[in-house]
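Overview (structure and organization)
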Amino acid sequence: MRALARNSVLPLTLVVIGAAAVVGYGTEETDTNDAGRSSYGKSGEAGQPPQDQDPAATAPADDGSAYTPRHTEQNARIGAVFEKSDPGEHFCTASVVQSQGRNMLITAAHCAYDSDAGAPVDDLVFAPDYRDGDGPTGRWKVKKVVVDDRWAKSNDENFDVAFLVLDKKDGKQIQDELGGNTLGIDRGFDDEVKITGYPSSRDTPISCRNRTTKFSDTQLRIQCTDFEGGTSGSPWLADYDPKSQTGTVIGVLGGHEGGGDEDDISYAAYFNDDIATLYRRAQEKD
């Protein structure tokens with residue numbers, strides 16, 4: 001689940017429309033019809049009912065402490081991930097990232113690709129700004145999953161990143177409705193970030209602000225309380241600009257131990273040139 005080298009925002013590339021799910025890097029295309037979902041890392045377990053809604057703060061808490069975020073344009077780009085066949089149970093988190101097709105999310109690969117089945121998870125839907133059973137723009141269907149072959153073949157924790165391409169809804173792309181954050185590559189290991197995710201035990205999101213640290217040459221680490229199952233895929237957002245209302249995603253909760261085996265410590269795969277390549281391939285295959 002669950003700074004200071006080159007600071008880049010990736011250029012956008014032309015997009016080719018397609019309907020099949022993709023395994024990235026090797027550009028292999030995979031049918032998604034028969035794949036299911038298996039629990040891994042900080043992805044949620046099906047059948048967990050919402051429990052207590054603490055923490056209940058409505059303003060940012062101390063660094064490293066979770067709080068309940070307010071409705072804002074920034075938070076509206078983050079949402080809960082469901083399977084359409086199981087609409088009551090959200091098990092991961094995703095967020096809108098800018099793309100030429102204006103239809104792309106970023107999340108953890110273990111949320112969207114079942115390595116045991118050797119195929120993307122079928123029938124995923126995304127509910128942005130989900131709270132207490134609904135979201136202001138409803139649910140958006142995922143039409144394509146893009147992961148690196150090294151994740152698909154061996155669950156390589158350094159490639160626990162996926163890009164999801166969405167269908168239009170009511171004739172619109174999701175980025176037209178909500179905007180999107182940029183993708184940050186080679187940002188180093190010391191960044192102040194805000195993380196927002198959807199624990200499976202809650203029907204509202206939690207957020208946390210803190211600084212990232214280096215766990216290894218390929219993994220970021222952060223201390224944030226209460227990031228339990230369901231928060232896999234939560235974006236690690238840096239440099240939010242209120243004027244443009246955009247930030248930069250420098251990681252997603254996942255990677256080492258699927259994001260971590262403790263609720264209060266989380267990890268993310270470091271976004272390097274391999275992730276930049278995956279991002280470009282996701283757009284080329286759209």
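Values in this document were obtained by computation on a predicted structure and should not be read as measured data.

About the criteria used
Residues numbered from 1 in each chain as written. Predicted model: local features only at pLDDT ≥ 70, side-chain atom pairs only at ≥ 80, totals over all residues. Heavy atoms only, no water. Helix = DSSP H or I, 4+ residues; strand = E, 2+ residues; numbered from the N terminus. Areas by Shrake-Rupley, 256 points an atom, 1.4 Å probe, with all protein chains shown as cover. Core = buried A, V, L, I, M, F, W, Y, C linked by side-chain atoms within 4.5 Å. Buried < 20%, exposed > 50% of the residue type's maximum accessible area, 1.4 Å probe, protein only. Contact = heavy atoms within 4.5 Å. Pairing = 2+ DSSP bridges. Disulfide = S-S within 2.5 Å. Expected span 1.5 Å × (residues − 1). Polar contact = N/O pair within 3.5 Å; in protein donor to acceptor, adjacent residues only side chain to side chain. Phe/Tyr/Trp six-rings, centres within 6.5 Å; stacked < 30°, edge-to-face > 60°. Lys NZ or Arg CZ within 6 Å of the ring centre and 35° of its normal. pLDDT = per-residue confidence, 0-100. Patch = residues over 30% accessible without salt bridge, like charges linked within 9 Å, V, L, I, M, F, W, Y side chains within 5 Å. Salt bridge = Lys/Arg side-chain N within 4 Å of Asp/Glu carboxyl O. Lys, Arg positive; Asp, Glu negative; His and termini not counted. Charge placed at Lys NZ, Arg CZ, Asp CG, Glu CD.

**Section: the overall build of the protein chain**
Summing up its helical and strand segments, the protein chain has 4 helices and 19 strands in all. If you sum the accessible surface of the protein chain, you get close to 11,100 Å²; carbon and sulfur atoms cover 44% of it.

**Description of the nonpolar core**
Residues Leu105, Leu124, Phe126, Val147 and Ile174 are the most contacted members of the largest nonpolar core, which totals 27 residues. Apart from residues no more than four positions distant in its own chain, Leu124 is found in contact with Val81, Phe82, Glu83, Phe91, Cys111, Ala112, Trp140, Lys141, Val142 and Val145. Ranked by size, the runner-up nonpolar core spans 19 residues in total, among them Leu237, Phe271, Ile275 and Ala276.

**Topic: the pairing of strand S18 (residues 246-252)**
The buried fraction of S18 amounts to 7 of the 7 residues, a majority that puts the element mostly inside the structure. Where strand S12 (residues 182-185) lies against S18, 2 bridges are found, and the strand directions are parallel. Bridge pairing links Thr182 to Thr248 in S18. Examined bridge by bridge, strand S17 (residues 235-241) and S18 share 5 bridges and lie antiparallel to one another. Note on S18: the bridge partner recorded for Asp241 is Thr246.

**Focus on the state of the cysteines**
A disulfide bridge is the covalent bond that connects two cysteines by way of their sulfur atoms. Scanning all chains against the criterion turns up 2 disulfides. Between Cys92 and Cys111 runs a disulfide, and the two sulfur atoms are separated by 2.1 Å. Residues Cys92 and Cys111 are joined by a disulfide whose S-S torsion is about -80°; by sign, that bridge is left-handed. With Cys92 in strand S5 (residues 92-97) and Cys111 in helix H1 (residues 109-112), the pair connects residues that are 19 residues apart, well separated along the chain.

**Considerations on helix H4 (residues 273-284)**
Its 12 residues place the ends of H4 16 Å apart at the C-alpha level, agreeing with the 16 Å of an ideal helix rising 1.5 Å per residue. Those residues of H4 lying buried are Ile275, Ala276, Thr277, Leu278, Tyr279, Ala282 and Gln283. The N-terminus of H4 is capped by Asn272, whose side-chain oxygen sits 3.0 Å from the backbone nitrogen of Asp274.

**Here's the deal with the pairing of strand S13 (residues 192-197)**
A regular strand carries its side chains on alternate faces of the sheet. Most of S13 sits out of view: 5 of its 6 residues are buried. One ladder, built from 6 bridges, connects S13 with strand S14 (residues 206-211); its direction is antiparallel. Residue Val193 lies in a different strand from S14, and its bridge partner there is Asn210. Summarising the sheet, S13 and S17 pair through 2 bridges and their orientation is antiparallel. Across the sheet, the residue bridging to Lys194 is Leu237, located in S17.

**A closer look at the packing of aromatic side chains**
This model, assessed by the stated rule, comprises 5 aromatic pairs. Seen in terms of ring centroids, Phe189 and Tyr270 are 4.5 Å apart; in terms of plane orientation they differ by 15°. Their pairing is stacked. In this pair, Phe189 sits in the loop between S12 and S13 while Tyr270 sits in the loop between strand S19 (265-269) and H4, placing the two residues 81 residues apart along the sequence. Note on accessibility: Phe189 and Tyr270 belong to one class, buried. Of the aromatic side chains, those joined through ring pairs into one cluster are Phe82, Tyr130 and Tyr198. The positively charged end of Lys169 is found above the aromatic ring belonging to Trp140, 6.0 Å away from the centroid.

**Comments concerning the confidence of the model for the protein chain**
In low-pLDDT regions, the fine details of the predicted coordinates are not to be read closely. Averaged over every residue, the pLDDT of the protein chain is 84; the share at 70 or more is 80%. pLDDT under 50 marks residues 1-35. Its contacts with residues more than four places away, or in other chains, come to 146 contacts. The low-confidence segment residues 46-57 (pLDDT under 50) makes 26 contacts with residues lying over four places distant or belonging to another chain.

**Things to note about a negative patch on the surface**
On the surface, Asp226, Glu257, Asp261, Glu262, Asp263 and Asp264 cluster together into a negatively charged patch. Position of Asp226 relative to the elements: it lies in the loop between strand S16 (219-223) and S17. Using a relative accessible area of 34% as the deciding quantity, one classes Asp226 as partly exposed.

**Examining the environment of Ser95**
With respect to the helices and strands, Ser95 occurs in strand S5. Each C-alpha atom, one on Ser95 and one on Asn75, is 9.1 Å from the other, the two residues being 20 residues apart in sequence. The contact partners of Ser95, leaving out residues within four places of it in the chain, are Arg77, Ile78, Met104, Leu105, Ile106, Phe126 and Pro235.

**Side note on unusual backbone geometry**
Look at Asp129: it is not a glycine, yet its phi comes out positive at around 55°. Mapped onto the elements of the fold, Asp129 is located in the loop between strand S9 (124-128) and strand S10 (140-148). According to the relative accessible area criterion, Asp129 is buried, its value standing at 5%. Backbone geometry at Gln245 places phi at a positive 60°, although glycine is not the residue there. Along the chain, the position of Gln245 falls in the loop between S17 and S18.

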